Amino acid sequence: MPITQDLSILSLIAEASLLVKLVMALLAGLSFMSWYWIFRKWFSIGSARRKSMDFERSFWSGGDLNALYQSAGNDRHNTGPMERIFESGYREFSKLHAKKADHATVVDGARRAMRATYQREVDELEAHLAFLASVGSVSPYVGLFGTVWGIMNAFRGLSNVTSATLAHVAPGIAEALVATAIGLFAAIPAVVAYNRFAHDIDRLSIRLESFMEEFSNILQRQLR
Amino acid sequence: MNPLQDRPEPGKRISFVLAALVHLALAAFLFLGVRWQSEPPAAVQVALVAAPPAPVRVAPPSPKPEPVPEPKPEPKPEPKPEPKPEPKPEPKPEPKPEPQPKPPEIKIPEKKPEPKKPEPKKPEPKPEPKKPEPKKPEPKPEPKKPEPKKPEPKPEPKPAPKPEPKVDRSKQIEDNRMQELLAMDAQRARESELLKQEMQSAARAGALDAYQNAIRQRVRQNIVLPPGVSGNPEATFIVDQLPDGTVMELRLKKSTGSTALDEAIERAIRKSSPLPLPTDKALFARTLELKFRPLE
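Residues numbered from 1 in each chain as written. Chains lettered and ligands numbered in written order. Predicted model: local features only at pLDDT ≥ 70, side-chain atom pairs only at ≥ 80, totals over all residues. Heavy atoms only, no water.

Quick look at the overall build of chain B
- Tallying secondary structure elements over chain B gives 7 helices and 4 strands in all.
- Reading the helices (α) and strands (β) of chain B from amino to carboxyl end gives α-β-α-α-α-α-α-β-β-α-β.
- Within the span of chain B, comprising 296 residues, buried residues form 28% of the whole.
- In chain B, 72% of the contacts between residues at least 6 apart in sequence involve partners at least 24 apart.
- Accessible surface for chain B amounts to roughly 19,800 Å². Of this, 61% is attributable to carbon and sulfur atoms. (Helix = DSSP H or I, 4+ residues; strand = E, 2+ residues; numbered from the N terminus. Buried < 20%, exposed > 50% of the residue type's maximum accessible area, 1.4 Å probe, protein only. Contact = heavy atoms within 4.5 Å. Areas by Shrake-Rupley, 256 points an atom, 1.4 Å probe, with all protein chains shown as cover.)

Structural data, given as structure tokens:
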């Protein structure tokens, strides 16, 4: 095994064994994907929360329900989850109301429609969070696997040398440890982001649920 | 009719770009910022020149150890003798020279009779003795020896805030005794303080010795003696150090007589950097004066 004094990152990666290189490439890909999803989830959850807040403000400012329904239906590309829940509930309510159904049926139908939309919205928000969670939990192990493999190679090389010194193993161990470093670099942001997003989605879904309850009360009042 | 299908996915491209940016930044940091031993320490170019004569580099005599012990013993002995002898000798010597120049008594006959003769007249003398006080204490003590009564009028004008000088006699005697007692007490207090400080400075000197010995021990381990040195030469170096003991500047104060040996000691001191630190931080000094006897 050649003894190298040059321990820059580039040479460490270049001189690693094939399997360790594969592990590093896998981890780099995972890290890239997890960062991609971190940013995408960040933007989508942020915009969902912002739009829901905007809609809640205009809803409780006492506007006409019909006008709100019209604006929600016209600008469908730019609505938040709360507005879509309102739209589906109000659509179902007006349909059933036009059919002269009895009050309990009307409110139940509207509530079911809202519940369905709510579940779709939350599922959409939670999509790909599981990917972040598994990157966070698995990539340290993958990196550790690469490290163990690299250290095994380093010690096997040592067995051929008559006078063994630390200088014979040190470069191999350093190469191997790079794999763990990359694994940790992929895992830490993924775990942090997963916890953060899960918390945000929890809070948002609680808001959506309470809005659904309040809106069903308003619909029930309108029937009398 | 799925409302999700026609919804635009927010931020696909920008997320991709941002993720790429994060990784590029990390890679740049790793490649540029972290270089483990990738460069061997650069060679230092040294010009070899004949060493200047050692005694030329005479350091300014500003060693800390000297000023520290000096100020403590000096100021204390001084104040002690001063306050005590001063008050006592002053009144005593005064009467002695005065008997000789008795003629001055004649000059101030008016004021002497005043304290002696009438008690009611005392309100008058009060303003008078106060003004001339500095000069007149001399004439007053004169009569003391011939007349036993007069020692008292002399002290009277000095503490003189009281209108009745005769009643004050016993008080003044008491006062004098009290003052003597107080002076004794003060002297004892000073002595005990001095003792304490001597003990402290002794302990300090011991710790300082230990500190300097630790430095000497360290330097001795690093010294490479030049050949052909004999006897027991001693060199004195002045060392400027940082608070962590790193040697900043070295000056030769007293040479061993052998330039090669001086330089060997100097190299050894530099090699010993950082120097050991004292256990008592108060003993640390930025400038140290160290004596070395490498052949000891």
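There's more to say after this.
Describing helix H1 (residues 12-33) of chain B
All names here are of chain B.
- Taking 1.5 Å of rise per residue, the 22 residues of H1 would be expected to cover 32 Å, and the 31 Å separating its terminal C-alpha atoms lies within 8% of that figure.
- The complete set of buried residues in H1 reads Ser15, Ala19 and His23. Buried residues of H1 fall within an arc of 65° about the axis and therefore sit on the same side. Exposed and facing more than 90 degrees away from the buried side of H1 are Arg13, Leu24, Leu32 and Gly33. (Expected span 1.5 Å × (residues − 1). Arc of directions from axis to C-beta.)

Overview of the confidence of the model for chain A
- On average, residues of chain A score 88 in pLDDT, and 96% of them are at 70 or above.
- Mean pLDDT values for the elements of chain A range from 64 in strand E1 (residues 7-8) of chain A up to 93 in helix H5 (residues 103-126) of chain A. (pLDDT = per-residue confidence, 0-100.)

With respect to the packing of aromatic side chains
Residue and element names in this part refer to chain A.
- The full count for this structure, using the stated rule, is 19 aromatic pairs over all chains.
- Ring geometry for Phe59 versus Phe86: centroids 5.8 Å apart, planes at 70°, classification edge-to-face. Placement of Phe59 in helix H2 (residues 18-60) and of Phe86 in helix H4 (residues 81-98) is noted, with a sequence separation of 27 residues between them.
- Overall, the relative accessible area of 5% leaves Phe59 in the buried class.
- Owing to a relative accessible area of 0%, Phe86 belongs among the buried residues under this scheme.
- By the ring-pair criterion, three or more aromatic residues cluster together here, those being Phe55, Phe59, Trp60, Tyr69, Phe86, Tyr90, Phe93, Phe211 and Phe215. (Phe/Tyr/Trp six-rings, centres within 6.5 Å; stacked < 30°, edge-to-face > 60°.)

Things to note about the pattern of salt bridges
- By the definition in use, this model includes 12 salt bridges over all chains.
- Note that A:Asp200 is salt-bridged to A:Arg196, the shortest N-O span being 3.3 Å. Here A:Asp200 pairs with A:Arg196, and both are found in helix H7 (residues 166-223), just 4 residues apart, close to one helical turn.
- Using a relative accessible area of 8% as the deciding quantity, one classes A:Asp200 as buried.
- Judged by its relative accessible area of 45%, A:Arg196 falls in the partly exposed class.
- The partner of B:Glu234 in a salt bridge is B:Arg293, with the nearest N and O atoms 2.8 Å apart. A residue pair is termed long-range when its members are at least 10 positions apart, and B:Glu234 in the loop between helix H6 (168-222) and strand E2 (235-241) and B:Arg293 in the segment after strand E4 (287-292) qualify at 59 residues.
- Overall, B:Arg293 belongs to the partly exposed group, its relative accessible area being 31%.
- It is possible to trace a salt-bridge network through shared partners that takes in A:Arg49, A:Arg196 and A:Asp200. (Salt bridge = Lys/Arg side-chain N within 4 Å of Asp/Glu carboxyl O.)

Digging into the sheet that holds strand E3 (residues 247-254) of chain B
Residues and elements named next belong to chain B.
- Judged by pairing direction, the sheet is antiparallel, and its 3 strands sit side by side in the order E3-E2-E4 without closing on themselves. Sheet topology places E3 and E4 at the edges, where each strand pairs with a single neighbour. Within this sheet the neighbouring strands show an average axis-to-axis angle of 25°, counted without direction.
- One ladder, built from 6 bridges, connects E2 with E3; its direction is antiparallel. In the sheet register, Asp240 faces E3, and the bridge partner there is Glu249. (Pairing = 2+ DSSP bridges. Axes fitted to C-alpha atoms, helices over the stretch in contact; angles between N-to-C directions.)

A word on the nonpolar core
- A:Phe59, A:Leu65, A:Phe86, A:Tyr90, A:Phe211 and A:Phe215 are the most contacted members of the largest nonpolar core, which totals 24 residues.
- Those elements that place two or more of their residues in this core are H2, helix H3 (65-74), H4, H5 and H7 of chain A.
- The dominant element in this core, judged by the number of residues it contributes, is H7(A), at 7 residues.
- If we skip the residues at most four places from it in the chain, A:Tyr90 touches A:Leu65, A:Asn66, A:Tyr69, A:Phe215 and A:Leu219.
- Ranked by size, the runner-up nonpolar core spans 20 residues in total, among them B:Ile215, B:Val219, B:Leu250 and B:Ala268. (Core = buried A, V, L, I, M, F, W, Y, C linked by side-chain atoms within 4.5 Å.)

Structural notes on the pairing of E2(B)
All names here are of chain B.
- Burial runs high along E2: 7 of the 7 residues are buried.
- Every second residue of E2 is oriented toward a common face, with Ala235, Phe237, Val239 and Gln241 on one face and Thr236, Ile238 and Asp240 on the other, all of them buried.
- For E2 and E4, the ladder comprises 6 bridges, and the chain directions are antiparallel. Looking at E4, one finds that Val239 is bridged to Leu288.

Here's the deal with unusual backbone geometry
- Of note, the amide linkage connecting B:Ser273 to B:Pro274 takes the cis form, showing an omega dihedral of -5°.
- Following the sequence through the fold, B:Pro274 ends up in the loop between helix H7 (259-271) and E4.

Quick word on the confidence of the model for chain B
Residue and element names in this part refer to chain B.
- Overall, the predicted model of chain B reaches an average pLDDT of 66, with 53% of residues at or above 70.
- Contacts from residues 63-164, a stretch scored under 50 in pLDDT, to residues over four places away or in other chains number 80 contacts.
- Here the prediction assigns the complex a pTM of 0.49, and the interface score ipTM is 0.76.

Points about a nonpolar patch on the surface
- A surface patch of nonpolar side chains, about 620 Å² in accessible area, is lined by A:Tyr141, A:Leu144, A:Phe145, A:Val148, A:Trp149 and A:Met152.
- As for its placement among the helices and strands, A:Met152 is situated in helix H6 (residues 129-158). (Patch = residues over 30% accessible without salt bridge, like charges linked within 9 Å, V, L, I, M, F, W, Y side chains within 5 Å.)

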